[in-house]
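Report on the structure
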Amino acid sequence: MKNVCLYIFIIFILGSCKKTEYTVTQIEGKQIEISDSIKTNETFENLLKPYREHIEGQLSEVLAHNVRDMKRTDGALNSSIGNMMADATMELANPIFKQRSQKNINIVLLNFGGIRSTMGAGDVNRKTAFEIMPFENEVTVLELTPKGIQEMLDYLVSENVAHPVSGIDVQLHSNNKIKSVTIQGAPLDTTINYFVATSDYLRNGGDRMYFFEEAVSETPLDYKLRNLFIDYFIKKDTIDFMPDERFVKIN
Amino acid sequence: MKRRHFIKQSAAASAFLAAGSFGLSAFSANPKRKHITILHTNDTHSRLDPFPANDARFANKGGVARRAILIENIRKENPSTLLLDAGDFFQGTPYFNFYGGELELKFMSMLGYDAATIGNHEFDNGLEGLLAHLPKANFPLVSSNYDFTNTILDGYIKKYITLEKDGIKIGIFGLGVKLEGLVTKKLFQETKYYNPIEISQDMTKILKEQEQCDLIICLSHIGYSYENDTVSDIRVAEATRNIDLIIGGHTHTFLPKPVVVKNKENKEVLINQVGFAGINLGRIDFYFEEKGIESRDSKTILV
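All of these numbers come straight from a predicted model, not from anything done at the bench. Counting restarts for each chain: residues are numbered from 1 in the order of the written sequence. Starting at A for chains and at 1 for ligands, labels are handed out in the order in which the entities are written. Side-chain atom pairs in this predicted model are given and counted only at pLDDT of 80 or more, local residue features only at pLDDT of at least 70, and totals for whole chains, interfaces and linings cover all residues. To obtain the side-chain values, all non-hydrogen atoms of the structure were included, while hydrogens and water were left out.

Points about the interface of chain A and chain B
At the interface, 51 residues of chain A touch 76 residues of chain B. Of the roughly 6,000 Å² buried where chain A meets chain B, counting both sides, 62% is carbon and sulfur surface. Salt bridge, as applied in this entry: a Lys or Arg side-chain nitrogen positioned within 4 Å of an Asp or Glu carboxyl oxygen. There are four salt bridges connecting chain A and chain B. By the criterion applied in these results, polar contacts are pairs of N or O atoms within 3.5 Å in which, for protein atoms, one can donate a hydrogen and the other can accept it, and in which residues neighboring in sequence qualify only through two side-chain atoms. Across the chain A-chain B interface, the total number found is 22 residue pairs in polar contact (both at pLDDT 80 or more). Of the residues that constitute the side of chain A that touches chain B, the class distribution is 19 nonpolar, 16 polar and 16 charged. Strand direction decides the pairing type here: strand β1 (residues 22-33) of chain A and strand β13 (residues 300-302) of chain B, joined by three bridges, are parallel. By the bridge assignment for β13(B), I27(A) is matched with I301(B). We call two residues contacting when some pair of their heavy atoms lies within 4.5 Å. Buried area: the sum, over both parts, of the accessible surface (1.4 Å probe) that disappears when the two are put together. Polarity classes work like this: nonpolar for Ala, Val, Leu, Ile, Met, Phe, Trp, Tyr, Cys and Pro, charged for Asp, Glu, Lys and Arg, and polar for all others, with Gly in that last group. We call two strands paired when DSSP finds no fewer than two bridges between them. Helix numbering and strand numbering both begin at the N terminus, where a helix is a DSSP run of H or I of at least 4 residues and a strand a DSSP run of E of at least 2.

Right, here's the structure in full:
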């Protein structure tokens, strides 16, 4: 009898320590669309509302007036909106770069694909900046050697699209050969390094701008392009840009 | 004499157990069928509000306040429900730009998320930016192949977690995408990335053998599938054993229904991904029966 009790006791102890094992016998999977047929949780909505209204208020505050509709395709090799973005970068990034390095930005180069929206004539607000620049990219300044600058020019010629530039003027012959290049109003000097401001995205090989990888120095400005555009809109009353002669093909 | 007697008794007890793992449950009448519901999102990208009515693709879709009602209703139907996210809950609307992720984590906590993994956009405000808002999350962030040892996030991220729902033990691990070339080094700093397949092999071994999980879920932000040989959910599923479900993200893939892939042992692995921006909620229902009782090795997959 005593033995039987012990026996049962051991089974009980071991049995209860041993985890019951389960096996999957059936699986059902589906996707549920969150459509407007589902009601709104009022607690969530009430909590979110003040944040939404604050953002809406901030985003819709009028900062400047834009005189005409701008899009990235309104010129062949440069565009109104691209020129604005590149010139704004030159104007607002250069003082920061100068303070950090005692040097000046010579050239700004952004990318055509990075212009994410058009900019209509009329009120300009923070929302505009979010639309044209939804990404978090920051401005960085790279020191390019004469070889790097040449590769940059070759890239611009071969791309044949309106990548935003500032500080540089490039004229092409109709056969796509370079006719003239001036930087900050002076002819290109093929013996010196130039400082090119761009975004960290392009600096890291975005849009195949691999020539930035050969930079001999880099000064990140910790300045988001979107914030730069917002600051630019705050600074300017009127936004007035058109395609111009900075990058053109001469027939 | 006494010693011999004891050995005989324990041998008998072991033999009894070895005959089947049912032990005590053999006494209970009909085995209870267990039901676990897994709800999941991926790449919600700060979309707290529904899309505006004039949106070309997703007019009036999504929104956390609606997701809340949907999840609430499913939890009423089955209290053994888990809610999981496969990363990139940060970035995409001004909510993130203005509040840095605080709101996303706060609402995910209110929705009752059980775990989430770390997507590449969780690094958008740097490790500091993520750490600053972590206190808003009342659920763990799980990442197995990012090593945060030499960063300020050390100790804040779980390699894996286990949960128990209705007697079913569930193991969850997380996979992140390669950061180099995708995220600026300044943002991820000394975070180390390890091969998702090798890490998955380690994790499943721990979760199956050590933790004895009944269900193993991988929260993945490495992407569903690529044309080149980049590691993906499909590849992880094929190269490992014991994963039951991969909840994917990163590639914003709208899978019309979960995909079934055969693993290294020729067993089925489910992979699901529900697009992005909180437009859809994935739902996978797992039904369990006690092992050995019905000797059912096959399972029915209805997708």
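Notes on unusual backbone geometry
All names here are of chain B. In this model, D43 sits at a positive phi of 50°, which is unusual for a non-glycine residue. Buried means the residue's accessible area, taken with a 1.4 Å probe over protein chains only, is under 20% of the maximum for its type, while exposed means over 50%, and partly exposed covers the values in between. Note on D43: relative accessible area 0%, which makes it buried. The backbone of D166 sits at a positive phi, close to 50°, despite the residue not being glycine. Positionally, D166 belongs in the loop between β5 (160-165) and β6 (168-175).

Notes on the nonpolar core
Across soluble globular proteins, nonpolar side chains show a tendency to be buried alongside one another. Here, the term nonpolar core denotes a set of buried Ala, Val, Leu, Ile, Met, Phe, Trp, Tyr and Cys residues that are joined through side-chain atoms within 4.5 Å. By size, the foremost hydrophobic cluster in this structure holds 49 residues, and its most contacted members are L111(B), F123(B), F139(B), L141(B), F148(B) and L281(B). Within the residue set of this core, elements represented by two or more residues are α2 (42-60) of chain A together with α2 (64-77), α3 (94-99), α4 (102-111), α5 (126-133) and α6 (185-188) of chain B. No other element matches α2(B), which puts seven residues into this core. Each residue touching F139(B), except ones within four places of it in the same chain, is listed here: L105(B), M108(B), S109(B), Y113(B), D114(B), A115(B) and A116(B).

Section: the sheet that holds strand β13 (residues 247-250) of chain A
Think of a sheet as strands paired side by side through backbone hydrogen bonds, with each pair either parallel or antiparallel. All names here are of chain A. What the four strands build is an open sheet, ordered β9-β8-β7-β13; its pairing is mixed. Among the strands making up the open sheet, the edge pair consists of β9 (186-187) and β13. Bridge count for strand β8 (residues 178-183) against β9 is two bridges, and the pairing is antiparallel. Residue pairing for β9: I183 is matched across the bridge by A186. Sheet strands touched by helix α5 (residues 146-159): β7 (168-173), β8 and β13. Its angle to β7, the strand with the most contacts, is close to 55°. Note on geometry: axes are lines fitted to C-alpha atoms, helical ones only across the stretch in contact, with angles between N-to-C directions running from 0 to 180 degrees.

Side note on the side chain of D88(B)
Residue and element names in this part refer to chain B. Of note, D88 is situated in the loop between β2 (81-85) and α3. His residues and chain termini do not enter the charge count, which takes Lys and Arg as positive and Asp and Glu as negative. Buried within the structure, D88 lacks any salt-bridge partner; R47 is the closest side chain of opposite charge, at an N-O distance of 13 Å. Among the polar contacts made by the side chain of D88, one reaches the main-chain amide nitrogen of N120 at a distance of 3.2 Å. Aside from chain neighbours lying at most four places away, what touches D88 is D43, T44, H45, G119, N120, H121, E122 and H221.

Brief notes about the sheet that holds strand β11 (residues 217-224) of chain A
Residues and elements named next belong to chain A. Across the sheet, five strands lie side by side as β6-β3-β10-β5-β11; this open sheet has mixed pairing. Either end of the sheet is taken by a strand with one partner, and the two such strands are β6 (165-166) and β11. Summarising the sheet, strand β3 (residues 107-109) and strand β10 (residues 194-199) pair through two bridges and their orientation is parallel. Its bridge partner being in β10, V108 is matched across the sheet by A197. Strands β3, β5 (138-144), β6, β10 and β11 of the sheet are contacted by helix α3 (residues 80-101), whose axis makes an angle of about 115° with β11. Helix-sheet contacts for helix α7 (residues 225-235) involve β5, β10 and β11, and the interaxial angle to β11 is about 60°.

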